[in-house]
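Given next are the chains, with one letter for each unit.
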Amino acid sequence: MQNKYLINFSRKFWFWFWSKLMNGFAPSDSQGNYKRPKGIILNKNYDFNSNSEEFFLLVGNSCPWCHRTLLAYQIKNLSKKVKIIYLKANINSGQWIFYKEFMGCNTLYEFYKKAGRGDTFRATIPLLVSCEKDFINILSSESNQIVKLLNSIKNKSSQPLLQIYNCDQELIKLIHHQINDGVYKCGFARNQSSYERASKSLFIALTKIESILDKKLGDWICGEKLTYADIFLFPTLIRWELIYSKLFKCTEKEISDFKNIMKWRFKFYMLNKVSDTCFDYEWKKDYYKALFPLNPNQIIPLLPSIEEIIKSPLK
């Protein structure tokens, strides 16, 4: 009898403690649905032709929102216009830190504070900034906006570059809210009903993308032209088997059931320099160890490589 009360008390205490942890990792509404915090958009339009400023894109290898900005950066070949600064996740302190001191800062929070944004609730990446001497100007910390800002940069190149085109905004909203955010709504759901709602919405959206690709209008989601829809969808889909299907319980269907999406994903992965933006070792380490409330024992599952995953559904 004593064990029964001890077990009951332990379960209630663990759930209370888990809820407190989740409040820090993933805020939710009153129904237990995950709500992503908004980023900072300070400059919607910007002239990148100034010679006096240096431009930097601050990113982390494991973050999918950073990944979409890296894709735009690589596809547009912006290495001469913008410098990439990588940060790493400090699991113990729960913050992003620089590999080496940057602008006199060791942590992302210090960098935000130096830029006059110390009042920000969270110091997040990606972050697009311009710097002149010791002055930091944050252009945006919202990945959607950063991708568009990067895409607006004129780049003269001797080699033909892929162009990223705009597309229907309803399609962008579908991908962003129901798929990109959708996997997090599944993983960070606080109860069964919020999880089931998120899962249903996620797989309805994937089915719609599968149907669009089934029309065979071209290699990409919107046809022959590469668009923001492709850029936004890829970071979620390339992490699927390694992270989201297991750690985030996105299990209603196998992603390999979506044959058209698998073919699209392979074509996108094979684009020049796209594979350079994929860091499966860091993804597994950071997700399975940093998201303590979802994986308390910190065990990283044995998983195939990205190369094996990307090709296997096509055999």
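All values reported here derive from a predicted model rather than from experimental measurement.

Caption draft 1: Up close: helix α2 (residues 64–75). Compared with an ideal rise of 1.5 Å per residue, which puts 12 residues at 16 Å, α2 spans 16 Å between its outermost C-alpha atoms and is within 8% of the ideal. Where α2 is concerned, the buried positions are Pro 64, Trp 65, Cys 66, His 67, Arg 68, Thr 69, Leu 70, Leu 71, Ala 72, Tyr 73, Gln 74 and Ile 75. Residue Asn 77 follows α2 closely and has a positive phi angle near 55°.

Caption draft 2: Quick look at the pattern of salt bridges. Taken as a whole, this structure holds 6 salt bridges when the rule is applied. Ionic pairing is found between Lys 216 and Asp 214, a salt bridge with its closest N-O pair at 3.6 Å. Overall, Asp 214 belongs to the partly exposed group, its relative accessible area being 45%. Asp 219 serves as the salt-bridge partner of Lys 267, at 3.3 Å between the closest nitrogen and oxygen. One end of the pair, Lys 267, is in helix α9 (residues 259–269); the other, Asp 219, is in the loop between α6 (192–214) and α7 (228–238), and 48 residues separate them in sequence. For Lys 267, a relative accessible area of 38% gives the class partly exposed. Its relative accessible area of 37% is what places Asp 219 among the partly exposed residues.

Caption draft 3: Just unusual backbone geometry, in detail. Geometrically, the link from Ile 125 to Pro 126 is a cis peptide bond, its omega value of 10° lying close to zero. Take Pro 126: it is sitting in the loop between α3 (108–114) and β5 (127–132). Within the chain, Asn 77 stands out as a residue other than glycine whose phi angle is a positive 55°. Tracing the backbone shows Asn 77 in the loop between α2 and β2 (82–90).

Caption draft 4: A look at the sheet that holds strand β6 (residues 135–140). Taken in spatial order, the 6 strands line up as β4-β3-β2-β1-β5-β6 in an open sheet, and their pairing is mixed. In this open sheet, the two strands that pair with only one neighbour each are β4 (105–107) and β6. Across the sheet, the axes of successive neighbouring strands diverge by a mean angle of 35°, strand direction being ignored. In this sheet, strand β3 (residues 95–102) lies alongside β2 in antiparallel orientation, the contact comprising 4 bridges. Bridge pairing links Lys 88 to Ile 97 in β3.

Caption draft 5: Structural detail: the state of the cysteines. Applying the stated criterion to the full structure yields 0 disulfides. With no disulfide of its own, Cys 66 lies closest to Cys 63 among cysteine sulfurs, the gap being 3.6 Å. Cys 131 takes part in no disulfide bond, and the closest cysteine sulfur to it belongs to Cys 105, at a distance of 9.5 Å.

Caption draft 6: How the structure looks around the nonpolar core. By size, the foremost hydrophobic cluster in this structure holds 99 residues, and its most contacted members are Leu 58, Phe 111, Leu 150, Leu 206, Phe 248, Trp 264 and Phe 268. Every residue in contact with Leu 58, bar those within four places of it in the chain, is listed here: Ile 85, Leu 87, Phe 98, Phe 102, Leu 108, Phe 111, Ile 125, Pro 126, Leu 127 and Val 129.

Caption draft 7: Broad picture of the packing of α2 against α7. Contact pair α2 / α7: the axes reach a minimum separation of 9 Å and the direction vectors enclose 125°. Judged by the angle between their axes, α2 and α7 are oblique. α7 is crossed by α2, and the crossing has right-handed handedness. For the pair α2 and α7, contact is made by Pro 64, His 67, Arg 68, Leu 71 and Ile 75 and by Ile 231, Phe 232, Phe 234, Pro 235 and Ile 238, respectively. Classifying every residue of the contact of α2 with α7 gives 8 nonpolar, 1 polar and 1 charged.

Caption draft 8: How the structure looks around the confidence of the model for the chain. Looking at the chain as a whole, its pLDDT mean stands at 86, while 82% of the residues score no less than 70. When mean pLDDT is taken per element in the chain, α7 scores highest with 98 and helix α1 (residues 2–25) scores lowest with 56.

Reading the values: the criteria
Residues numbered from 1 in each chain as written. Predicted model: local features only at pLDDT ≥ 70, side-chain atom pairs only at ≥ 80, totals over all residues. Heavy atoms only, no water. Helix = DSSP H or I, 4+ residues; strand = E, 2+ residues; numbered from the N terminus. Expected span 1.5 Å × (residues − 1). Buried < 20%, exposed > 50% of the residue type's maximum accessible area, 1.4 Å probe, protein only. Salt bridge = Lys/Arg side-chain N within 4 Å of Asp/Glu carboxyl O. Pairing = 2+ DSSP bridges. Axes fitted to C-alpha atoms, helices over the stretch in contact; angles between N-to-C directions. Disulfide = S-S within 2.5 Å. Core = buried A, V, L, I, M, F, W, Y, C linked by side-chain atoms within 4.5 Å. Contact = heavy atoms within 4.5 Å. Parallel < 35°, antiparallel > 145°, perpendicular 65-115°, else oblique. Left-handed = near helix turned anticlockwise from the far one by under 90°. Nonpolar A, V, L, I, M, F, W, Y, C, P; charged D, E, K, R; others polar. pLDDT = per-residue confidence, 0-100.

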